[in-house]
Amino acid sequence: MATEALGLWGVPLAIIAGTLRGSVPFLFVSLGECLTEKSGKINLGLEGTLLMGAMSAYAISYLTGSPWLGVITAGVAGMFLGLIHGWLSQQPRVNDVAVGIAMIIFGSGLAFFLGKPFIQPSAPQLPTLSLAGWTQIPQLESALSISPLFILGVAIAPLMQWFFRSSRWGLLIRAVGDSPDAARAMGISIFKVRMASIVAGSFLAGIGGASLSLFYPGSWSERISSGQGLMAVALVIFARWNPIQCLYASLLFGGAQAIGPAMQSVGIDAYYYLFNASPYILTLLIMVITCSPKRTLTGAPGSLGQAQE
Amino acid sequence: METAIAAPQTKTAPPELEVINLTKRFGTFTALDQVSIKVTPGSFHALLGENGAGKSTLVKCIMGFYTPTSGEVLIDQQTRTIASPKDAHHFGLGMVYQHFTSVPAMTVAENLVLSRYDSPQWINWKAEYERLDAFMATSPFQIDLRTPISQLAAGQKQKLEILKQLYLNSRVLILDEPTSVLTPDEADEVLGLLREEVTAGHLSVLMISHKFREVMAFTDEVTVLRKGQLAGHGYVRDLTVDDMAHMMLGEKQEATPVEKVTIADPKPVLELRNLCADRDNGLPAVRSASLTIRSGEIVGIAGVSGNGQRELVEVLAGQRPRHSGEILVNGEPYQSTRKEMARHQVYTLPEEPLRNACVPHMSVAENMALRTFDCPPQAKRGLLSLINIRRMAEGLVKVFSVKTPSVDTPVGNLSGGNVQRTVLARELSSTNINLLIAANPCFGLDFSAVDYIHSQILAARNRGVAVLLVSEDLDELLKLSDRITVISDGELVYESPTAAADIKTLGHKMAGH
């Protein structure tokens, strides 16, 4: 292992490296979910979108030899699932969460079905950027190579923040999510705004899937997402529907995910599975701490998850 | 982009708005039948009518929400097709709704900019704030631009709704019961400032109202609708309140006179001691409320909506946990459990009965049995007796004259007044009621339903029931209650016997002065 030569210093290093790698899917899915939820809809189906994105990116990268084409395809595949969710979840008296669960099963089922032939072959991976040009230590160099998708995601977070505050579309999305009646009185089509938000959010989630199969862990298998799409939904609540805080929360979750492998790399095998479960434990803890039956969450869009009449 | 900005300085004269023979049918139901109305430039016009008289339908046809079945809308003597609120805006018409249409999570400035039909795709906040500040300087009301709507008081929200229309350069304002959530003082301030703008010739106003006091004080002309038809029109200076009431109600309906019986030996039934409760967001809603209600008296709680009344009633009804404090019923601690309600005979008429007191998809009979279905004779040895449940419901439907196709109809299909009657039947049919808690029991009901509910509440009081009546309608409280308490920002700030209560003082206390 790269970290062995560094002794115990390897643990924080491995966690940092793991954070930079592992946070990418969290970041994209949570930004996508943040955009969707700002319009007042919940899309649990992003777990399925993530898998579909991972599979289609890997397949296209393998078939065409161009990983970037794979990334685009992953986004488009996400939009396709988003269209279905956007239409279904906006039918009268339909519940977002029920449609979302159906979409998890549909998205992952479709990904497994179409992805069977691509489990064995190895596809060209996305190039990486090195943050460690200043060092000669090879372990550091390999640990600090990051994905261009990470940089893209880090750039999208403040852009989205600015979009919500200073663009007409951003204000429209917030208006629709917080008070559909007010938006309707302004002559805004609730259906179109929510559809656009869901489709755009699903595009981002699809790209999150591409980073799983084309960067880290960098292969396609059916167990690749291990619930990260669902965790990202919890993460949006933790981030109080704020894109910048989504970024911080994604780094935290990515870091939590890296604890298990980091401990193992320095030879601590005890509680391996417990450490691996840390993102899930973190999700539960956040839910317990932030949710109370006695009050509503501050920052939650007013109409979040309510079915249309 | 500069030219696209609404220009508040140019105060052009308002156009003339005229509606000729407008008819609107929904299926076989005729909501409006050959109605004509004319709003001359620079006049303050009131549109009066009972609930369901077609006032809202008329203005919605004018604003382009509905397409009229037949008839014409004329702007400055030209026939115009108004297909959407956007078209109406183009002709200088703007509407202020009964319910607030600002987005609670956004600031005043964001709401104003968003409301503009021509707002730019990318917003330069620095320049927008400069323009908004300039607009505020010339406007009749002042509101801080950076405050989120959720932190504004109801009066400020209503002012913002009107400001929004001025900001959009609307010259004919249509107001749908604009003062329903305001204190009398706030209402006078808002209408007074609008009156000044009208007198100066900057605006025309068409105001839907059912408050004669405001119509007499602020408007020039009045048009009255009854059951979808034009029932009268005239200048306010030529009319009396009686004339207008007669036009509104048709054949003269006399309200059942209030007769109160003094109960011998009143004993305390409900006691609140330093009761505190929180809002949904965890902030305090009810602050240390203490109150005693004795048998055979009605205690009214007056206040502008959103000052903690809803939370107080929810705590008493068992829908919300209290934060601290004590509730005693008949001298015993009371936790609002079903068992205690049955033992102490506590009944509730909450606001929005369909949401708070009914299961909409269950039948009228089932809803009427919600209090008693598990006791004999409706339940025998743990099994429900559907026959007895139906029989009891059929009796109650007759006694309380609930208009329903059958007792098996889902209660959600009934009209608002009949839902309220269903709940009333369930809550008032018990022979030995001890305590009745009523919250806005007549909200949105027509004259006869209101009269019926008032007489039922009074009858209960005269039988010795202790009644807590929470209402936003001061007239209702002055009519029914023996004592009036004012709630402001969660505190019970003022108490007075109704006979000695003065509407002006009550208004000041409601506004928190």
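Note: the structure precedes this text.
As the structure is a prediction and not an experimental result, all values here were calculated from the model. (Residues numbered from 1 in each chain as written. Chains lettered and ligands numbered in written order. Predicted model: local features only at pLDDT ≥ 70, side-chain atom pairs only at ≥ 80, totals over all residues. Heavy atoms only, no water.)

Right, let's get into the packing of aromatic side chains. Here the structure, examined in full by the defined rule, presents 8 aromatic pairs over all chains. The interplanar angle of 20° and the centroid separation of 5.4 Å between the aromatic rings of A:Trp162 and B:Trp122 together place this pair among those described as stacked. Taken as a pair, A:Trp162 in helix 6 (residues 148-166) and B:Trp122 in the loop between helix 3 (108-115) and helix 4 (125-138) lie in two separate chains rather than in one. Relative to B:Tyr97, the ring of B:Phe65 lies with its centre 5.9 Å away and its plane at 80°, an arrangement referred to as edge-to-face. Highlighted residues: B:Phe65 in the loop between helix 1 (55-63) and strand 4 (70-75) and B:Tyr97 in the loop between strand 6 (93-96) and helix 3, separated in sequence by 32 residues. Residue B:Tyr97 is classed as buried on the basis of its relative accessible area, which comes to 15%. The aromatic ring of A:Phe164 is capped on one face by A:Lys38, whose charged end is 5.4 Å from the ring centroid. A cation over an aromatic ring shows up here: B:Arg421 above the ring of B:Tyr452, its NZ or CZ 4.5 Å from the ring centre. (Phe/Tyr/Trp six-rings, centres within 6.5 Å; stacked < 30°, edge-to-face > 60°. Helix = DSSP H or I, 4+ residues; strand = E, 2+ residues; numbered from the N terminus. Buried < 20%, exposed > 50% of the residue type's maximum accessible area, 1.4 Å probe, protein only. Lys NZ or Arg CZ within 6 Å of the ring centre and 35° of its normal.)

This part takes up the interface of chain A and chain B. Between chain A and chain B, the residue contacts involve 19 residues of the former and 23 residues of the latter. Connecting chain A to chain B are 1 salt bridge. For B:Glu110, the salt bridge is made with A:Arg174, and the minimal N-O distance between the two is 3.1 Å. At the surface where chain A touches chain B, the tally comes to 9 residue pairs in polar contact (both at pLDDT 80 or more). Counting residues per element, the ones that place at least two in the side of chain A that touches chain B are helix 6, helix 7 (168-178) and helix 8 (180-185) of chain A. When its residues are assigned to classes, the side of chain A that touches chain B shows 9 nonpolar, 4 polar and 6 charged. (Contact = heavy atoms within 4.5 Å. Salt bridge = Lys/Arg side-chain N within 4 Å of Asp/Glu carboxyl O. Polar contact = N/O pair within 3.5 Å; in protein donor to acceptor, adjacent residues only side chain to side chain. Nonpolar A, V, L, I, M, F, W, Y, C, P; charged D, E, K, R; others polar.)

This brings us to the layout of surface pockets. Take a probe with the size of a water molecule and roll it over the atoms, and the empty space left behind shows itself. Residue and element names in this part refer to chain A. Roughly 780 Å³ of volume is contained in the second largest pocket. Looking at the second largest pocket, it is lined by 32 residues, and the ones nearest its centre are Gly18, Tyr216, Gln257, Ala258 and Pro261. Of all elements in the fold, only helix 1 (10-38), helix 5 (138-143), helix 10 (228-238), helix 11 (243-265), helix 12 (272-276) and helix 13 (278-290) reach the threshold of two or more residues within the lining of the second largest pocket. A class-by-class count of the residues in the lining of the second largest pocket yields 18 nonpolar, 12 polar and 2 charged. (1 Å grid on protein atoms, 1.4 Å probe; cavity = no way out; pocket = protein on both sides within 12 Å on 5 of 7 lines; lining within 4 Å. Points joined across faces, edges and corners; volume = space filled by probe spheres on them.)

Residue and element names in this part refer to chain B. The strand order across the open sheet built from 6 strands is 6-7-8-3-9-10, with neighbouring strands paired in mixed fashion. Strand pairing shows two members of the sheet lacking a second neighbour, strand 6 and strand 10 (229-235), which therefore form its edges. Neighbour to neighbour, the strand axes of the sheet diverge by 15° on average, direction disregarded. For strand 9 (residues 221-226) and strand 10, the ladder comprises 6 bridges, and the chain directions are antiparallel. When the sheet's bridge partners are listed, threonine 223 is paired in strand 10 with histidine 233. The strands that helix 5 (residues 154-167) touches are strand 6 and strand 7 (172-176); relative to strand 6, the one it contacts most, it runs at about 170°. (Pairing = 2+ DSSP bridges. Axes fitted to C-alpha atoms, helices over the stretch in contact; angles between N-to-C directions.)

In this structure the tally under the stated criterion is 4 cavities of 30 Å³ or more. Quantified by volume, the largest cavity comes out at close to 220 Å³. Lining the largest cavity we find 19 residues, and of these A:Ala185, B:Tyr97, B:Tyr117, B:Gln165 and B:Leu168 sit closest to its centre. Listing elements by their share of the lining of the largest cavity, those giving two or more residues are helix 8 of chain A together with helix 2 (85-90), strand 6 and helix 5 of chain B.

Right, let's get into a nonpolar patch on the surface. All names here are of chain A. Together, Tyr271, Leu274, Ile281, Leu285, Val288 and Ile289 make up a nonpolar patch on the protein surface, roughly 670 Å² of accessible area in all. Counting residues per element, the nonpolar patch draws most heavily on helix 13, at 4 residues. Among the structural elements, leucine 285 can be located in helix 13. The exposure class assigned to leucine 285 is partly exposed, which follows from its relative accessible area of 46%. (Patch = residues over 30% accessible without salt bridge, like charges linked within 9 Å, V, L, I, M, F, W, Y side chains within 5 Å. Areas by Shrake-Rupley, 256 points an atom, 1.4 Å probe, with all protein chains shown as cover.)

Next up on the list: the pairing of strand 3 (residues 44-48) of chain B. Residue and element names in this part refer to chain B. Along strand 3, 5 of the 5 residues are buried, which leaves the element largely enclosed by surrounding structure. Where burial is concerned, the two faces of strand 3 agree: the one with Phe44, Ala46 and Leu48 and the one with His45 and Leu47 are both buried. Direction of pairing for strand 3 relative to strand 8 (residues 204-209): parallel, over a ladder of 5 bridges. Looking across to strand 8, one finds that leucine 48 is bridged to serine 209. With 4 bridges joining them, strand 3 and strand 9 adopt parallel strand pairing. Across the sheet, residue alanine 46 finds its bridge partner in strand 9, namely valine 222.

Along the chain, the position of A:Thr19 falls in helix 1. Apart from the residues within four sequence positions on either side, A:Thr19 is in contact with A:Leu251, A:Gly254, A:Gly255 and A:Ala258.

Residues and elements named next belong to chain B. Relative to the helices and strands, alanine 466 is located in strand 20 (residues 466-471). For alanine 466, a relative accessible area of 0% puts it in the buried group. Taking the C-alpha atoms as reference points, alanine 466 and valine 329, 137 residues apart in sequence, are found 11 Å from one another.

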